[in-house]
Amino acid sequence: MSNVIQPMHVIGVGIDMIEVSRIARMIEEHGARFLDRVFTPVEQAYANASPIQQAQRLAARFAAKEAALKALCMGLREGIAWTDIECTHRADGSPMLNVRAKAAEIAHRQGIDAWLVSLTHIQLMAAATVTAGRKLQER
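Residues numbered from 1 in each chain as written. Predicted model: local features only at pLDDT ≥ 70, side-chain atom pairs only at ≥ 80, totals over all residues. Heavy atoms only, no water.

With that settled, consider the packing of aromatic side chains. All told, the structure shown has two aromatic pairs when counted by the stated rule. Seen from their ring centres, phenylalanine 34 and phenylalanine 39 are 5.9 Å apart, and the 80° between their planes marks the pair as edge-to-face. Of the two residues, phenylalanine 34 and phenylalanine 39, both sit in the buried class. The ring of tyrosine 46 is capped by arginine 57, whose NZ or CZ atom sits 4.1 Å from the centre of that ring. (Phe/Tyr/Trp six-rings, centres within 6.5 Å; stacked < 30°, edge-to-face > 60°. Buried < 20%, exposed > 50% of the residue type's maximum accessible area, 1.4 Å probe, protein only. Lys NZ or Arg CZ within 6 Å of the ring centre and 35° of its normal.)

With 36 residues, the main nonpolar core has Ile23, Leu97, Trp115 and Val130 as its most contacted residues. Counting only elements with at least two residues in this core, the list comes to α1 (20-38), α3 (54-71), β2 (85-89), α4 (101-109), β4 (114-121) and β5 (125-135). Ranked by the residues each element gives to this core, the list is headed by α3, at 11 residues. Apart from residues lying up to four places away in sequence, tryptophan 115 is in contact with Ala68, Leu72, Arg90, Leu97, Val99, Ala107, Val130, Thr131 and Ala132. (Core = buried A, V, L, I, M, F, W, Y, C linked by side-chain atoms within 4.5 Å. Helix = DSSP H or I, 4+ residues; strand = E, 2+ residues; numbered from the N terminus. Contact = heavy atoms within 4.5 Å.)

If you walk across this open sheet you meet the three strands as β1-β5-β4, and the pairing is antiparallel. The sheet is open, and its two edges are formed by β1 (8-19) and β4, each paired on a single side. Here the average twist between neighbouring strands, direction ignored, is 10°. Strand direction decides the pairing type here: β4 and β5, joined by eight bridges, are antiparallel. Counted as the bridge partner of alanine 114 is glycine 133 from β5. (Pairing = 2+ DSSP bridges. Axes fitted to C-alpha atoms, helices over the stretch in contact; angles between N-to-C directions.)

This is the structure we're talking about:
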């Protein structure tokens, strides 16, 4: 896969911000049950690779999932599981979004076949923006 961003027709945009302490508290209170319900094994492995930033990294991915739901104009009530949306990285380190199951079905119905993701986090806060679109045909 190329790291060059393809032009796309924007269908939806979402943004979310979360306090890192909220995710840290959920990990402390619910442990693996919370982690497995909300984050894929790939997301957990990435976060665990930096124990000092684990909660920050997970909070950014949680924000990306929320932002993706907003870009889809959907919510969990639509049957989308947290793990249907996965935030990973390309070889160059830039974030990317993978959708599957119900989230992929809804995206397909809306004509969405491309995603742009931006993440940021500091000690106290994490945020993400997600743009959902349809790739433009090359001329």
